[in-house]
Amino acid sequence: MEENKMQYLFGMHPVIEAVKAGKKFDKVLLKQGLEGPQFRELMELLKEKEIPFQFVPGEKLNRSVRGSHQGVLAYISHIDYVSIEQLVDNALGQSTSPLILILDGVSDVRNLGAIARSLECAGGHGIIVPAKGGAAINAEAVKASAGALMRIDTCKVPNLRVAAYYLKQSGFKIISATEKVDRLIYDVDMTGPTAIVMGSEGEGISQTMLELSDEKAALPMSGEITSLNVSVAAAVMMYEAVRQRLAK
C-alpha cells in the first residue's frame, strides 16, 4: 500500500476536527481496544462521512508515526472521491455508452495510475476501487496517472458486489477480463454502457465478481508467457470498447 508516501494526520482531537471541517481522508487506522467519549465521537463521524476505517495493532501505528498518535492515524486523500450514484449519474449524463473500470484488488499504485491514464485517454467516465484490499490512491498513483486521477470520477466502495448490482440496475453490462474462458474480447459486445472488471495482479478477479459478470472475455495469447500486466490488459480491453464504438 506504500502508506509512508501518503500525507497523514494523527491524534484523536486533530483528526476529529479535520473530519468535522470536511477534510477528505483515504482511510483511518485505529488502535485496537480504543474506548472513551472521544473515540465514540470519532466513530460516529467516520460512519456519518462514510470514511473507511480499520482497527490495527498499536505497533503498526508506532512504526508509522513519530509522536503521540493516541491510537489514531488518518491518511489524507489526494483526490476527491464521488459516490457510486454520482459516478453513474455523471457517466450517463456525458454519454449514452459510458465506459467504467472496476478494479478488483489491483494492489500496485503504478498499475492503478497507468489504468487511470489509459481510461482518461480512451474517453472513459469513471473508476471504482474497493475501500479495502486495493492500491492506495496516493501521490505516486496520481503521478503514474499523469494527473488522470484528478480528472476522472473515482469512487471508493466498501463492497464491490453492491456496486456491481447498482451498475447492472442502472443499465451497465459487467464484463470481466479473465483468461479462464475461451471467448475473446472481440466477440463480446461493449457498445452500450459498460463496466470492465480487472482483477488483482496475483489472483485475478474474485469468484464473486466473476459470478456477477454479464460477460467474461479473454485476450488472445500466443506466446509462452500466459498473462499481461494488468495495466496493459486493461488498456487493451478499453480500446477494444473504443474500436467497437467507432465501428458502429
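Structure: see above.
As a convention, each chain's residues are numbered from 1 in the sequence order in which they are written. With pLDDT at 70 or above as the cut-off, local features in this predicted model cover only qualifying residues; side-chain atom pairs require 80 or more to be listed or tallied, and sums for whole chains, interfaces and linings still use all residues. Water and hydrogen atoms were dropped before computing side-chain values, which therefore reflect all heavy atoms in the structure.

Side note on helix 7 (residues 160–169)
Part 1 of the reasoning: Buried residues of helix 7: Leu 160, Ala 163, Ala 164 and Leu 167, and no others. For helix 7, the angular spread of the buried residues around the axis is 100°, confining them to a single face. Exposed and facing more than 90 degrees away from the buried side of helix 7 are Val 162 and Gln 169.
Part 2 of the reasoning: The definition of a polar contact used here is a pair of N or O atoms within 3.5 Å, where within protein one atom must be able to donate a hydrogen and the other to accept one, and adjacent residues in sequence count solely through side-chain atom pairs. Strands are runs of DSSP state E lasting at least 2 residues, helices are runs of H or I lasting at least 4, and numbering of each runs from the N terminus. The N-terminus of helix 7 is capped by Asn 159, whose side-chain oxygen sits 2.8 Å from the backbone nitrogen of Arg 161.
Part 3 of the reasoning: Positive phi appears at Gly 171, one or two residues downstream of helix 7, with a value of about 95°. Think of it in three bands: with a 1.4 Å probe and only protein chains considered, a residue is buried below 20% of the maximum accessible area for its type, exposed above 50%, and partly exposed in between. Comment: arc refers to directions from the helix axis out to C-beta atoms.

As for the environment of Phe 10
Part 1 of the reasoning: Here Phe 10 shows up in strand 1 (residues 8–10).
Part 2 of the reasoning: The class of Phe 10 is partly exposed, set by a relative accessible area of 29%.
Part 3 of the reasoning: Here the alpha-carbon distance between Phe 10 and Phe 39, two residues 29 residues apart in the chain, equals 13 Å.

A word on the pattern of salt bridges
Part 1 of the reasoning: Within this document, salt bridges are pairs made up of a side-chain nitrogen of Lys or Arg and a carboxyl oxygen of Asp or Glu, the two lying within 4 Å of each other. One pass over the full model with this rule turns up 9 salt bridges.
Part 2 of the reasoning: Salt-bridge contacts for Lys 20 lead to Glu 17; the nearest nitrogen and oxygen are separated by 3.9 Å. Of this pair, Lys 20 and Glu 17 both sit in helix 1 (residues 12–20), separated by 3 residues, roughly a single helical turn.
Part 3 of the reasoning: Overall, the relative accessible area of 45% leaves Lys 20 in the partly exposed class.
Part 4 of the reasoning: For Glu 17, a relative accessible area of 35% puts it in the partly exposed group.
Part 5 of the reasoning: In this structure, the salt-bridge partner of Arg 151 is Glu 120, at a minimum N-O distance of 3.8 Å.

Overview of the layout of surface pockets
Rolled over the atoms, a probe as big as a water molecule pinpoints where empty space is left.
Part 1 of the reasoning: Its boundaries defined by the atoms lining it, the largest pocket holds a volume of some 810 Å³.
Part 2 of the reasoning: Lining residues are defined by having an atom within 4 Å of a point belonging to a cavity or pocket. Those points lie on a 1 Å grid over the protein atoms alone, cavities being sets where a 1.4 Å probe fits but cannot get out and pockets being open sets with protein on both sides within 12 Å along at least five of seven lines. Considering the residues around the largest pocket, the lining is formed by 26 residues, among which Lys 49, Glu 50, Ile 51, Pro 52 and Lys 156 are closest to the centre.
Part 3 of the reasoning: For the lining of the largest pocket, the element with the most residues is strand 7 (residues 154–157), which contributes 3 residues.
Part 4 of the reasoning: All residues other than Ala, Val, Leu, Ile, Met, Phe, Trp, Tyr, Cys, Pro, Asp, Glu, Lys and Arg, Gly among them, are scored as polar; the first ten of these are nonpolar and the last four charged. Considering only residue class, the lining of the largest pocket consists of 14 nonpolar, 3 polar and 9 charged.
Part 5 of the reasoning: Along its surface, the second largest pocket is lined by 23 residues, and Ala 177, Glu 179, Gly 204, Ser 227 and Leu 228 are the ones closest to its centre.
Part 6 of the reasoning: At the level of secondary structure, the elements contributing two or more residues to the lining of the second largest pocket comprise strand 9 (194–199) and helix 9 (230–247).
Part 7 of the reasoning: Looking at the lining of the second largest pocket, its residues break down into 11 nonpolar, 8 polar and 4 charged. Grid points are joined across faces, edges and corners, and a volume is the space filled by probe spheres set on the points.

Regarding the nonpolar core
Part 1 of the reasoning: In this description, a nonpolar core means a group of buried Ala, Val, Leu, Ile, Met, Phe, Trp, Tyr and Cys residues linked to one another through side-chain atoms lying within 4.5 Å. Grouped together as the largest cluster of nonpolar side chains are 36 residues, with contacts concentrated most on Leu 101, Leu 103, Met 198 and Met 237.
Part 2 of the reasoning: Ranked by residues supplied to this core, first place goes to helix 9 with 7 residues.
Part 3 of the reasoning: Residue contacts are defined here by distance: any two heavy atoms, one from each residue, within 4.5 Å place the two residues in contact. In contact with Met 198, other than residues within four places in its own chain, are Leu 101, Ile 102, Leu 103, Asp 104, Val 106, Ala 177, Ile 205, Val 230, Ala 233, Ala 234 and Met 237.
Part 4 of the reasoning: One finds Ala 91, Ile 174, Val 197 and Leu 212 within the second-largest nonpolar core, a separate group that totals 22 residues.

Section: helix 1
Part 1 of the reasoning: Here helix 1 has its buried residues at Met 12, Val 15, Ile 16, Ala 18 and Val 19. All buried residues of helix 1 project into a common sector of 165° when viewed along the axis, lining one side.
Part 2 of the reasoning: Of the residues one or two after helix 1, Gly 22 is the one with positive phi, at around 90°.

Side note on the sheet that holds strand 9
Part 1 of the reasoning: When DSSP finds at least two bridges between two strands, those strands are taken to pair. Strand order across the open sheet formed by 6 strands is 7-6-5-9-8-10, with parallel pairing between neighbours. Unpaired on one side and paired on the other, strand 7 and strand 10 (215–217) mark the two borders of the sheet. For this sheet the average axis-to-axis angle between neighbouring strands, irrespective of direction, equals 25°.
Part 2 of the reasoning: Two strands pair when backbone bridges link them, and strand 8 (residues 173–177) and strand 9 are joined in this way by 4 bridges, in the parallel orientation. To get an axis, a line is fitted to the C-alpha atoms, and for a helix only the part in contact is used. The angle between two axes follows their N-to-C directions and goes from 0 to 180 degrees.

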